[in-house]
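# Summary of the model geometry
Each chain, letter by letter, is given below.
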Amino acid sequence: MALQCGIVGLPNVGKSTLFNCLSNVKAQAANFPFCTIEPNVGVITVPDSRLDKLVAIDQPQRVIPATVEIVDIAGLVKGAGKGEGLGNKFLANIRETDAIIHVLRCFDDDNISHVEGSVDPVRDKEVIDLELQFKDLETVESRLAKVEKQAQTGGDKQAAVLARVLRAYKEVLEKGENARTVQFEMKEEQDAARGLFLLTAKPVLYVCNVDEQSAVNGNDYVDRIRAIAESENAELLVIAAKTESDIAEFETFEERSVFLEELGLKESGVSRLIRAAYALLGLETFFTTGSDETRAWTFKKGMKAPQCAGVIHTDFEKGFIRAEVIKYDDYVSLGSEAAVKEKGKLSIEGKEYVVQDGDIMHFRFNV
């Protein structure tokens, strides 16, 4: 399921350092703007303790975790919406992603220059927001002029719906607000909105890049961004990217664990970020497990059993008969599929079953 999160931010806020921690793809990290020009794409393994427990039970020959794609997009600068600093190329790269990880510099360091001359994460956020809003407003106004004519002269119902959506977006964008603040109740309006692929309509996760001393509790910079994130109903993570880079250098799990414990952290910021990105994309996991293979499969939240069967193979969806479902907690507590069946904990589900995160599935099909 090729959904992507794009990492965005001003130059020198720690985007590429963070990306390097996430991925084996080594984006160049240097102390000047436009170091990263082509977007780097990393396919990242999603940490999941549930998979580890299933592996411990079934001792499979092969283990395949879930993954998520992260794209490192070059730093935006003021004026990007008007083409400044390779802006059009960067904005096009953001448009192709499904969600945004917005990295903000929340640390002081005289050795690392700031493109705006000082550290101010609220200002930096507003710079990025404004550039994306300018581009969205340009898109909306261009479409609206054409669609309104179609709705008026041709009596086109779809054009009338799209015109309503565009006018709603135009109103908020002109106020300096993001398109994601607009909520549509009618399905046809929701479908029309999705088809516009507006930059500021994408879900966002704010990542505050801090110094090592602030990795646990954050700092004043983080507090200012947290207040804004709460007002937007957005998620926020505090990560010390330089520290995460140090953690990645340790070769063993035990060494990493000791280092994290010394910092007062239960787990790495990278692990938290990957799971947050997975959730930001609206993704969940079902499992298949046995002696041959234990695998985590990615599906979009709300998908029904036949669609999830299609994640494995299109033939499974075409010829779907039923799904045999075991709840993860039952499987772990009872210790085997045979024990689950003996206790009557295996359920038979049909085409309308909405698959739940953590379900252990076996699909019956005929083609």
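Before reading on, note that the structure itself is shown above.
Below or above, wherever it landed, is the structure these notes cover. Just so it is clear, the structure is predicted and the values come from calculations on it, not from any experiment. (Residues numbered from 1 in each chain as written. Predicted model: local features only at pLDDT ≥ 70, side-chain atom pairs only at ≥ 80, totals over all residues. Heavy atoms only, no water.)

Counting 71 residues, the largest nonpolar core has Ile70, Ile101 and Leu273 as its most contacted members. It is helix 10 (residues 269-280) that provides the largest number of residues to this core, a total of six residues. Formed by 20 residues, the second largest nonpolar core is a distinct cluster that contains Leu144, Phe184, Leu196 and Leu198. (Core = buried A, V, L, I, M, F, W, Y, C linked by side-chain atoms within 4.5 Å. Buried < 20%, exposed > 50% of the residue type's maximum accessible area, 1.4 Å probe, protein only. Helix = DSSP H or I, 4+ residues; strand = E, 2+ residues; numbered from the N terminus.)

Moving on, we get to the side chain of Thr200. As for its position among the elements, Thr200 is in the loop between helix 6 (187-194) and strand 6 (204-209). A distance of 2.9 Å separates a polar atom in the side chain of Thr200 from the backbone nitrogen of Ala179. For Thr200, the residues in contact, after removing those within four places along its chain, are Asp129, Leu132, Gln133, Asp136, Leu173, Asn178, Ala179 and Arg180. (Polar contact = N/O pair within 3.5 Å; in protein donor to acceptor, adjacent residues only side chain to side chain. Contact = heavy atoms within 4.5 Å.)

Once that is clear, we can look at the packing of aromatic side chains. Enumeration according to the criterion identifies six aromatic pairs in this entry. These aromatic residues form a ring-pair network of at least three members: Phe286, Trp297, Phe299, Phe320 and Phe363. Geometry around Phe107 places Arg105 over its ring, the cationic atom sitting 4.5 Å from the centre. For the cation-ring pair, Arg295 lies above Trp297, with the distance from its terminal atom to the ring centre recorded as 3.8 Å. (Phe/Tyr/Trp six-rings, centres within 6.5 Å; stacked < 30°, edge-to-face > 60°. Lys NZ or Arg CZ within 6 Å of the ring centre and 35° of its normal.)

Spatially, the six strands line up as an open sheet ordered 2-4-1-5-6-7, and their pairing is mixed. In the strand order of this sheet, the two ends are held by strand 2 (40-45) and strand 7 (235-239), each with one partner. On average, each strand axis in the sheet is inclined to that of its neighbour by 25 degrees, with strand direction left out of account. Packed on one face of the sheet, helix 10 meets strand 1 (4-8), strand 2, strand 4 (67-72), strand 5 (99-105), strand 6 and strand 7 and runs near 160 degrees to strand 7. (Pairing = 2+ DSSP bridges. Axes fitted to C-alpha atoms, helices over the stretch in contact; angles between N-to-C directions.)

As a further point, take the pattern of salt bridges. One pass over the structure, following the stated rule, counts 23 salt bridges. With its nearest N and O atoms 3.0 Å apart, the salt bridge here joins Glu324 to Arg364. Taken together, the positions of Glu324 in strand 10 (residues 320-326) and Arg364 in strand 12 (residues 360-365) put the pair 40 residues apart, joining distant regions of the chain. Look at the salt bridges and you will find they share partners, linking Asp48, Arg50 and Asp357 into a network. (Salt bridge = Lys/Arg side-chain N within 4 Å of Asp/Glu carboxyl O.)

These figures capture arrangement, not role.
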